Amino acid sequence: MKRAFITGIEGQDGSYLAELLLANHYEVHGSIRPGSSGGEKHLSALKADPKIFQKTLFLHQADVEDANALRTALEQAAPDEVYHLASQSHVGQSFEKVEETCRITGMGTLRLLELVRKLPQPPRFFHASSSEIFGSPEQSPQDETTPVNPITPYGSAKTFGTQMTRIYRRNFGLFAVNGILFNHESPRRGENFVTRKICRAVAAIKSGKQKELTLGDTSAQRDWGNARDYVRGIWLGLQQQTPDDYVFATGRLHRVQDIVELAFEAVGLDWQKYVRQEKQLFRPADPRQLVGNPAKAKRILGWEPQISFEQTIAEMVQAELKAI
Ligand code: GDD
């Protein structure tokens, strides 16, 4: 039985990854922040299953800023594979919390790399990098060879973590992989990301609980995939003979406006009656057209995204209606 350690196990990707690894007969360990709900949201079904919780799924209290707690958790788990997903992941908030973002997202990755390198049997290491490292790219679509050019504090912190992962691979012989993840969504997405914000609002407006939806720049474009597809890619990245970097993306661009139209249409409402743009919600800097080329992941990992943008938004609207 392989053992995995996941930072950020309580989040969207961490919880889907835990489910995937458990289905693949792993023993799964996850770090949770002291004082957090302990995975009440997305891990509740796993925690309620007496055949799983404390049998093949274990949670350890360890903040990514606390090297001692992380070391203890890693020593107890003795993992074969480490998936580092924890970060301050909201790009907009990274302008308000610049230092905190760099500490958690940038230094947190270096801290973990250093701990992993010093373990008696260094495990394989996956770093959840981001398309935000490309910021304002000179080429489109972006792939593993595209020069980094971050324009947000979050993108800059992720660039640091990405480069450190490469340095530990090249100089310390660590089996270290960067997954350069473009946006990926699901009903488990955090509420302050734009897909979830729109889908939640649409369900609330439909049921008379909310009157309008205020958004930032609805002309912004992104390459939106589905989280369950990307988590499969994350796992595949560590199952190869040699470590490398992979772009996970769909190769298709959509506008925030497309999400608005799809989501309102799904409940039979006219978006024009409810949506308002608010200048305050525009970001000081926002990548305009991040779109990825996943050819390498397809060729080497045999990875293929299976769930479309339209299916993802429809699933998210349905989940919000059900929750209400
Ligand atoms: N959150 C949010 N809220 N975004 C808005 C809004 C709004 O009201 N209105 C417009 N947007 C625009 C943002 O300006 C951005 O251009 C786009 O919608 C997507 O925003 P988010 O959903 O917040 O995601 P993100 O692209 O900034 O970052 C996500 O994807 C990255 C991968 O590319 C995060 O998951 C990052 O952690 C991840 O690395």
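Undergrad: Sorry, what's going on with the overall build of the chain here?
TA: If you tally the helices and strands in the chain, you get ten helices and 13 strands. Relative to a compact globule of 324 residues, whose C-alpha radius of gyration would be 20 Å, the chain shows 19 Å and is just as compact. Dimensions along the principal axes, computed over C-alpha positions, put the chain at roughly 60 × 50 × 40 Å. When burial is assessed residue by residue, the chain has 53% of its 324 residues classed as buried. A separation threshold of at least 6 residues defines the contact pool for the chain, and within that pool the share at least 24 residues apart is 78%.

Undergrad: Which parts of the structure should I look at to understand the side chain of Thr-159?
TA: Assignment of secondary structure puts Thr-159 in helix α5 (residues 153–172). Not counting residues up to four positions away in its chain, the partners in contact with Thr-159 are Ile-133, Val-148 and Pro-150.

Undergrad: Which parts of the structure should I look at to understand the packing of helix α6 (residues 194–206) against helix α10 (residues 309–323)?
TA: Relative orientation and spacing of two packed helices are given, respectively, by the angle between their axes and the distance between those axes. For the pair α6 and α10, interaxial distance at closest approach is 8 Å and the crossing angle is 45 degrees. Between α6 and α10, the angle falls in the class oblique. Crossing of α6 against α10: the hand is right-handed. Together, Thr-195, Arg-196, Cys-199, Arg-200, Val-202, Ala-203 and Lys-206 of α6 and Ile-313, Met-316, Val-317, Glu-320 and Leu-321 of α10 make up the contact between the two elements.

Undergrad: Looking at this structure, I do not really get the site of the ligand. What am I missing?
TA: Neighbouring residues of the ligand: 22 residues in total, closest Ser-89, Ser-131, Tyr-154, Arg-283 and Asp-286. Interatomic distance of 2.7 Å between a side-chain N/O atom of Asn-183 and an oxygen atom of the ligand. A distance of 2.9 Å separates a nitrogen atom of the ligand from a polar atom in the backbone of Asn-192. Contact with the protein chains covers 95% of the free accessible surface of the ligand, which is 720 Å². In the shell around the ligand, the residues fall into nine nonpolar, seven polar and six charged. When we break the shell around the ligand down by domain, the ones giving at least three residues each are domain 1 (3–185 + 224–248) and domain 2 (194–222 + 253–291 + 308–323).

Undergrad: How should the pairing of strand β11 (residues 245–248) be read in this particular structure?
TA: When a strand is regular, its side chains alternate between the sheet's two faces. Of the two faces of β11, both are covered, the one formed by Asp-245 and Val-247 as well as the one formed by Tyr-246 and Phe-248. Pairing geometry for strand β6 (residues 176–181) and β11, over four bridges, is parallel. Considered in β11, the bridge of Gly-179 is made with Tyr-246.

Quick notes on the rules
- Each chain has its residues counted from 1, running along the sequence as written.
- Only residues with pLDDT of at least 70 get local features here, since the model is predicted, and only at 80 or more are side-chain atom pairs given and counted; chain-wide, interface and lining totals rely on the full set of residues.
- Side-chain measures were taken over the full set of non-hydrogen atoms in the model, leaving aside hydrogen atoms and water.
- A run of H or I in DSSP becomes a helix once it reaches four residues, and a run of E becomes a strand once it reaches two; helices and strands are each numbered from the N terminus.
- Taken over C-alpha atoms, the radius of gyration is set against a globule rule of 2.2 Å times the number of residues to the power 0.38.
- We call a residue buried when its accessible area falls under 20% of the maximum for its residue type, exposed when it is over 50%, and partly exposed in between, using a 1.4 Å probe and counting protein chains only.
- Any two residues whose heavy atoms approach within 4.5 Å at even a single point are treated as in contact.
- To get an axis, a line is fitted to the C-alpha atoms, and for a helix only the part in contact is used. The angle between two axes follows their N-to-C directions and goes from 0 to 180 degrees.
- Oblique is the label for any angle not covered by the other classes, which are roughly parallel (under 35 degrees), roughly antiparallel (over 145) and roughly perpendicular (65 to 115).
- Left-handed describes a crossing whose near helix is turned anticlockwise from the far helix by less than a right angle; the clockwise case is right-handed.
- Here a residue is near a molecule or strand as soon as one of its heavy atoms is found within 4 Å of it.
- Any pair of nitrogen or oxygen atoms within 3.5 Å is treated as a polar contact; in protein, a donor-acceptor pairing is required on top of that, and neighbouring residues in sequence qualify only through side-chain atoms on both sides.
- For every accessible area listed, the method is Shrake-Rupley and the probe measures 1.4 Å; residues are considered covered only by the protein chains on display.
- Residues are grouped as follows: nonpolar covers Ala, Val, Leu, Ile, Met, Phe, Trp, Tyr, Cys and Pro; charged covers Asp, Glu, Lys and Arg; every other residue, Gly included, is treated as polar.
- Boundaries between domains were set according to an automatic or database domain assignment.
- Two strands qualify as a pair provided DSSP detects at least 2 bridges between them.

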